[in-house]
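Structural overview
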Amino acid sequence: MINLIVLLIVGGVLGWLASIVMRTDAQQGIFLNIVVGIVGALLAGLLITPMIGGASITDGSFSATSLLISFLGAVVLLGIVNLVRRGSVR
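The following refers to the structure shown. None of the values given here were measured: they were computed from a predicted structure.

All right, on to the overall build of the chain then. Broken down by element type, the chain carries 4 helices and 0 strands. The order of α-helices and β-strands along the chain, N terminus first, is α-α-α-α. Relative to its length of 90 residues, the chain is compact, with a C-alpha radius of gyration of 12 Å against a globular reference of 12 Å. By its C-alpha atoms, the chain is 35 × 30 × 15 Å across when sized along the principal axes. Relative to its full complement of 90 residues, the chain shows a buried share of 37%. At a minimum sequence separation of 6, the contacts of the chain that also span at least 24 residues come to 58%. For the chain, the accessible area works out to roughly 5200 Å², and carbon and sulfur atoms hold 74% of it.

In this section: a nonpolar patch on the surface. On the surface, Ile 2, Ile 5, Ile 9, Val 13, Trp 16, Leu 17 and Ile 20 cluster together to form a nonpolar patch covering roughly 640 Å² of accessible area. Since its relative accessible area comes to 40%, Trp 16 is described here as partly exposed.

Thresholds, definitions, all that
Counting starts from 1 at the beginning of each chain's written sequence and moves along it residue by residue. The model is predicted, so local features are restricted to residues of pLDDT at least 70 and side-chain atom pairs to those at 80 or more, both for listing and for counting; the totals for chains, interfaces and linings are taken over all residues. As a rule here, side-chain values cover all heavy atoms of the structure and leave hydrogens and water aside. For the purposes of this entry, the term helix denotes a DSSP run of H or I that reaches at least four residues, the term strand denotes a run of E that reaches at least two, and both are numbered from the N terminus. Note that the radius of gyration is over C-alpha atoms, with the globule rule given as 2.2 Å times the number of residues to the power 0.38. Per-residue accessibility, obtained with a 1.4 Å probe over protein chains only, is compared with the maximum for each type, and a residue is labelled buried under 20%, exposed over 50%, and partly exposed between these values. In this analysis, two residues are considered to be in contact whenever any of their non-hydrogen atoms come within 4.5 Å of each other. Where accessible areas are quoted, they stem from the Shrake-Rupley method and a 1.4 Å probe; at the residue level, only the protein chains shown are allowed to cover. Residues qualify for a patch when their relative accessible area is over 30% and they have no salt bridge, like charges being joined within 9 Å and the nonpolar side chains of Val, Leu, Ile, Met, Phe, Trp and Tyr within 5 Å. Any carboxyl oxygen of Asp or Glu that lies within 4 Å of a side-chain nitrogen of Lys or Arg is treated as forming a salt bridge with it.

This is the structure:
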């Protein structure tokens, strides 16, 4: 239960930071930031982690490497969403 709460909080912060980097912060609310953070962490766990090693936050690892990997996954997710929605990445 505690891991779920920590995952929601950390996912929300990572999603919020990724939305600031990708300039979509004004379009997203708290719920969407949490979703972007968690789905980005899942995406990073599937794509980035096997290439460089380590773990994502969805595996229960909260190291600096796992936070960075999950943040990169959230940024990639927002880039893909922008590409589909607008036809270009900001």
